[in-house]
Structures are given as C-alpha cells and as structure tokens.
Amino acid sequence: MLAGLLLVLAVLTGCASRQGCVEPVGASGLTPESVGARGQGEGAVVTWGGVIAATRNLPRETEIETIGYRLDRCGKPTTSGQPIGRFIARQSGFLEPSDYRAGRRITVTGRIADVRDGQVGEASYRFPVLDDAVVRLWPDDAAEDQGGWTPRLRPYLGIGIGSGGFGGIGGGIGLGF
C-alpha cells in the first residue's frame, strides 16, 4: 500500500506545473525568418524568443532587436541550434538598457505589426516588428551558476540507498515541497 502511494506521488511530482515557464501562444508555424522573407503574418500573435542584439530607447517606447532561436519546452530560447531569424519587439515606456543588454535571453509574445527594412552590419535585412510586446527576461547564465547546486521544480521526490557498514544496508524516500 505504501509502495502504491509513493508511486502515485512520484507520478504527480513529474506532472507538477512548470513554475516560471512561458506558455507560447498564437501562430506556432511563423518564424521571424519566414515572416521577414514573405511579409506575411501581419496581425498574428506569436511567441518568439532569442538573444538580444541591441536595445534602443525611443521617446515613448523601447525596441529590442533580437536574434531568434527555437524555444525549449519551458519557453526559453535554446541557442544550441541555428538562429531562426531576427525580429524587433516594441514595448511602451522605458526599459533599462543595462538589464536588456546584448547577449541576454528573452521570450516575447506580441502582435506582428509590420516588416521593417533595416541593416545587420552592411547587409540589408527585413525585421518583423512585434507590437504590444510582453517581454520575459531570463536570468543571466552566470547568475544561474550557483556553485553546482541545481534549482528544482517543486514538489520533488528523492530516493537514497546507503550502507550502514558491517553488512547493514538501508534506504529512504523523501518528498520535498
């Protein structure tokens, strides 16, 4: 009976909500590259993510130029693959450029307002522009380094087996919240 209860707890632990995750919304088939190339998708709501290339504060809003990457199951950009195009996220008001600096990961949900011609270095580029952007700034990778300790989603289950010496063996199961 106790083993059955522990199995149920283990399954529920695996199904616990993903705290801090971003649930993508809108048109999942649209990428910054496809929208920029075809100029289609205006008015669609999308969730894109990537790495900040530049932040520009304008009189009434802030624009964040982003190198797009695919999102993991928690909505965080994965930079291990190929970029999927660049985009600009527009948010009303002032965003601190030292917080929204180049290299930081973000996830953005917004409405595709238009496609703007611009430059990446000396090359011409067509940037999809997201209006009404809701921006999630992910923690710095350096800030996530916590001396080998890995934060866990809660609740979690721990199982341990050990030796008591001289032939004694023991084990334990713990449930943390």
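Residues numbered from 1 in each chain as written. Predicted model: local features only at pLDDT ≥ 70, side-chain atom pairs only at ≥ 80, totals over all residues. Heavy atoms only, no water.

### Considerations on the state of the cysteines
Note on terminology: disulfide describes a covalent bond linking the sulfur atoms of two cysteines. Note the cut-off: Here, two cysteine sulfur atoms that lie within 2.5 Å of each other are counted as a disulfide. For the purposes of this entry, the term helix denotes a DSSP run of H or I that reaches at least four residues, the term strand denotes a run of E that reaches at least two, and both are numbered from the N terminus. Partly exposed describes any residue whose relative accessible area lies between the buried limit of under 20% and the exposed limit of over 50%, with all areas from a 1.4 Å probe on protein chains only and scaled to the type maximum.
Applying the stated criterion to the full structure yields one disulfide. Between the sulfur atoms of Cys21 and its disulfide mate Cys74 the distance is 1.8 Å. Its S-S torsion of about -95° marks the bond between Cys21 and Cys74 as left-handed, since a negative value means left-handed. Residue Cys21 is found in the loop between helix H1 (2-14) and helix H2 (32-38), and its partner Cys74 is found in the loop between strand S2 (61-69) and strand S3 (85-92); the two are separated by 53 residues along the sequence. The pair Cys21 / Cys74 is uniform in exposure class, with both members buried.

### Section: the packing of aromatic side chains
Just so we agree on the cut-off: Ring pairs shown here join Phe, Tyr and Trp side chains whose ring centres sit within 6.5 Å, with only the six-membered ring taken for Trp; geometry is labelled stacked below 30 degrees between planes, edge-to-face above 60, and tilted in between. In our convention, an over-ring charge means Lys NZ or Arg CZ found within 6 Å of a ring centre and within 35 degrees of that ring's normal.
Tallied over the full model, the rule gives two aromatic pairs. On the numbers, 4.8 Å between centres and 55° between planes, the contact of Tyr125 with Phe127 is tilted. The partly exposed category is assigned to Tyr125, whose relative accessible area is 24%. Residue Phe127 is classed as buried on the basis of its relative accessible area, which comes to 3%. When the ring centre of Trp138 is taken as origin, the NZ or CZ atom of Arg136, which lies over that ring, is 3.9 Å away.

Treat this as a map of the structure, not an account of what it does.
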